[in-house]
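Listed below are the residues making up each chain.
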There are 2 protein chains.
Amino acid sequence: MKNEIITMAHGGGGIKTQGLIKDIMIRHLKNPILEKLDDGACINIPEAELVFSTDSYVVSPIFFPGGNIGRLAACGTINDIAMQGAEPKYLSMGLILEEGLALHDLETVIRSMGEVLNETGVLVVTGDTKVVERGKGSAIFINTTGIGIRNPEIDVHVSNARPGDVIILTGTMGDHGIAIMSQREGLKFESDLESDVAPLWGMVSKLLHEVPTVHCLRDPTRGGVAAALCDIAETSGSGIRIQEPTLPVNKEVRGACNLLGLDPLNVANEGKSLIISSEADSAQVLKTIKSHKLGKKAAIIGKVVYEHPGMVILETKIGGERIVEMPSGEDLPRIC
Amino acid sequence: MKNEIITMAHGGGGIKTQGLIKDIMIRHLKNPILEKLDDGACINIPEAELVFSTDSYVVSPIFFPGGNIGRLAACGTINDIAMQGAEPKYLSMGLILEEGLALHDLETVIRSMGEVLNETGVLVVTGDTKVVERGKGSAIFINTTGIGIRNPEIDVHVSNARPGDVIILTGTMGDHGIAIMSQREGLKFESDLESDVAPLWGMVSKLLHEVPTVHCLRDPTRGGVAAALCDIAETSGSGIRIQEPTLPVNKEVRGACNLLGLDPLNVANEGKSLIISSEADSAQVLKTIKSHKLGKKAAIIGKVVYEHPGMVILETKIGGERIVEMPSGEDLPRIC
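Residues numbered from 1 in each chain as written. Chains lettered and ligands numbered in written order. Predicted model: local features only at pLDDT ≥ 70, side-chain atom pairs only at ≥ 80, totals over all residues. Heavy atoms only, no water.

Draft legend 1. Spotlight on unusual backbone geometry. Residue and element names in this part refer to chain A. In this model, S60 is joined to P61 through a cis peptide bond whose omega is 0 degrees. Of note, P61 is situated in the loop between β2 (48-57) and β3 (63-64). Its identity as a non-glycine residue notwithstanding, R334 has a phi of 50 degrees, on the positive side. The topology assignment puts R334 in the segment after β14 (321-324). Exposure remark for R334: the relative accessible area of 6% places this residue in the buried category. (Helix = DSSP H or I, 4+ residues; strand = E, 2+ residues; numbered from the N terminus. Buried < 20%, exposed > 50% of the residue type's maximum accessible area, 1.4 Å probe, protein only.)

The following block contains the structure:
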């Protein structure tokens, strides 16, 4: 397999497809449901509120500091489910491979997915592989669609933010987006900057156990913290105020943003969460998050207010104010 | 919107993405769960056996006689679930759009998905849209992942084929694959040949109601009837014998296959099912299927036997026999 590449026949549904499934997929994603290799997976579910979420991953390049498209595709959908307060249980995986892809690269990507699954207990239970001609795709695209089970006693939703609430960010902003950009543009930084891509369910599960009354969770992915806060303000109909000096940013990210003319508020994260809770709960939320390995740099970054409903205001370092707007989406294409 | 095209910003997660979702997705796929526009959909499920199935659709060209990639993406996953004897309920939709795609074409594709949903009562409840640069994709790729609910009293599975069973095919072979090929190669046929792409749950539901003891269902998609039968023979450990004169094939498909050097047995279908039942049930199966609009040309094509376990044998018109092999998958790329 060392020098083998993907050919159109690997996507034809015949012998070559079966070989790929057995040699790579089953090896790294093995579990009793997937091994049945049926066209669909059969899973037993108790009476439940399910969360069902999908994302396609098209990040370019597929390998980047701190991860690759496989790790991202597993974490991204796990996190979307966790942000709804649900325990991620099952994933499907749909691959679109470009003819000519090295089998070795495919295996590295699938192995990374397997590592996230082992860490979280989530299972890939069904999958599909297609191959497109050279120049009709871009190495690997991955769709993951997940099913999670929600504890009916938990009510986290972006519409639940209320004036008086406190806004906590679980760590530094912009690491993922800048790691991708630096790889793509060949930028070098003094120290190694890595994507923060990580599965958040472990930390969220601990939080929901210790502070079940938390109001909302949101992972600031595409569009960064700015887009996530604008969405929370609009959906909840409350105002949001954040304080620039409190915003956690790595110095490498700050430097790269200066160089590229980007605002870290708009840059994607793949291992962070915004948490909104009552002021009474906020000290316990911060303590719980800081005690988890993914939350050591957590900080209170602002609050929910009665004023300017639907709008996000940044109080700047020099004592001014500016409106934080929903990013247009043109800044950083193909980061996830 | 008339002359508008997809730009990178449509995939950035900002204002342009939101516009696309509201103007096209919600308009054609509208339902109360999708309209919440959360990162994941919340669905209430009774205690159940769920079937979970995923497929990415990369068919080229995206418009073909009898359908388009949107109709295919809805029907394909609905059918995968129906083949497990489960009622398709919810779909996710992940779009990967190529920069430069006409918005009008995107809307046509999404409208076709909506038509299948209206016809079947299935809901798209969550989605995701990504955009890749020109030359890094191919107009539209669609992943649909579906959830269905299985009646626990139904036990259909490819491993359930037993010697003595009868094999029924619900209609003509190869219409989908040849419709795609003819469009791609610019072939013209005397009469219009159309893809058979259709949602099978209506017909399957009727069958399971009237003959709940049916043994297996399988849709002969990639690799055609040959691949599906080889899989059934291998999984069940039984032999399969089919009779060439009984195989239903449209004359246009036969002509095109002769011209292209293809065997209709290997060509994809997207609106047909293989059904295996006991001999005692087979007359009722055939009657039920033939009374449905999608099954008028249904026929008994063979039987399951004790001899040659795991192998499929074709009895030819001229009285000979040949082994039907699992297609390699190189014949017809990107037909689904």
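Draft legend 2. The pairing of strand β1 (residues 41-45) of chain A, seen in detail. Side-chain alternation along β1 of chain A places A41, I43 and I45 of chain A on a buried face and C42 and N44 of chain A on a face that remains uncovered. Relative to strand β2 (residues 48-57) of chain B, β1 of chain A runs antiparallel, the two being bridged by 5 bridges. From the neighbouring strand, I45 of chain A faces β2 of chain B, where its bridge partner is A48 of chain B. (Pairing = 2+ DSSP bridges.)

Draft legend 3. The relation of the copies chain B and chain A, seen in detail. Note on the copies: chain B fits chain A at an RMSD of 0.0 Å, the axial shift is 0.0 Å, and the rotation between them is 180 degrees. Taken together, these values place the two copies in the relation of a two-fold axis. Comparing interface residues between copies, 99% of those in chain B also lie at the interface in chain A; the contact surface is shared. (Least-squares fit on C-alpha atoms with pLDDT ≥ 70 in both. Contact = heavy atoms within 4.5 Å.)

Draft legend 4. Local environment of the packing of helix α4 (residues 175-185) of chain B against helix α7 (residues 251-260) of chain B. All names here are of chain B. Across the interface, α4 lies against α7 with an axial gap of 10 Å and an inter-helix angle of 60 degrees. One finds that α4 runs oblique with respect to α7. Handedness of the crossing formed by α4 with α7: left-handed. Contact with α4, carried on its side by D175, I178 and M181, involves V253, A256, C257 and L260 of α7 and no other residues of that element. Considering only residue class, the contact of α4 with α7 consists of 6 nonpolar, no polar and 1 charged. (Axes fitted to C-alpha atoms, helices over the stretch in contact; angles between N-to-C directions. Parallel < 35°, antiparallel > 145°, perpendicular 65-115°, else oblique. Left-handed = near helix turned anticlockwise from the far one by under 90°. Nonpolar A, V, L, I, M, F, W, Y, C, P; charged D, E, K, R; others polar.)

Draft legend 5. Focus on the interface of chain B and chain A. Opposite the 68 residues of chain B that make contact, chain A presents 67 residues. With both sides pooled, the region where chain B packs onto chain A buries about 5,500 Å², and carbon together with sulfur makes up 54% of that total. Counting the surface chain B buries against chain A, the share from its top three residues, D39, F52 and R222 of chain B, is 14%. At the boundary of chain B with chain A, the tally comes to 6 salt bridges. A salt bridge links K130 of chain B to D55 of chain A, with the shortest nitrogen-to-oxygen separation between them at 2.9 Å. At the surface where chain B touches chain A, the tally comes to 23 residue pairs in polar contact (both at pLDDT 80 or more). If you list the elements that add at least two residues to the side of chain B that touches chain A, you get α1 (15-29), β1 (41-45), β2, β5 (86-98), β6 (123-132) and β7 (140-150) of chain B. Here the side of chain B that touches chain A gets 9 residues from one element, more than from any other, and that element is β2 of chain B. Taken together, the residues of the side of chain B that touches chain A break down into 26 nonpolar, 25 polar and 17 charged. (Buried area = accessible area lost by both parts, 1.4 Å probe. Salt bridge = Lys/Arg side-chain N within 4 Å of Asp/Glu carboxyl O. Polar contact = N/O pair within 3.5 Å; in protein donor to acceptor, adjacent residues only side chain to side chain.)

Draft legend 6. Representation of the domain arrangement of chain A. Residue and element names in this part refer to chain A. Domain parsing of chain A yields domain 1 (8-150) and domain 2 (158-324). Computed over C-alpha atoms, the centres of domain 1 and domain 2 are 28 Å apart. The interface of domain 1 with domain 2 comprises 24 residues on the first partner and 21 residues on the second. Summing the contributions of domain 1 and of domain 2, the shared interface buries around 1,800 Å²; its carbon and sulfur component is 66%. The largest per-residue losses of area from domain 1 upon contact with domain 2 belong to P65, N79 and M83, which jointly make up 34% of the total buried on that side. Linking domain 1 with domain 2 are 0 salt bridges, by the criterion used here. Along the contact surface separating domain 1 from domain 2 lie 6 residue pairs in polar contact (both at pLDDT 80 or more). Listing elements by their share of the side of domain 1 that touches domain 2, those giving two or more residues are β3, α2 (69-82), β5 (86-98) and α3 (103-120). The element contributing the most residues to the side of domain 1 that touches domain 2 is α2, with 8 residues. Taken together, the residues that form the side of domain 1 that touches domain 2 break down as 13 nonpolar, 7 polar and 4 charged. (Domains from an automatic or database assignment.)

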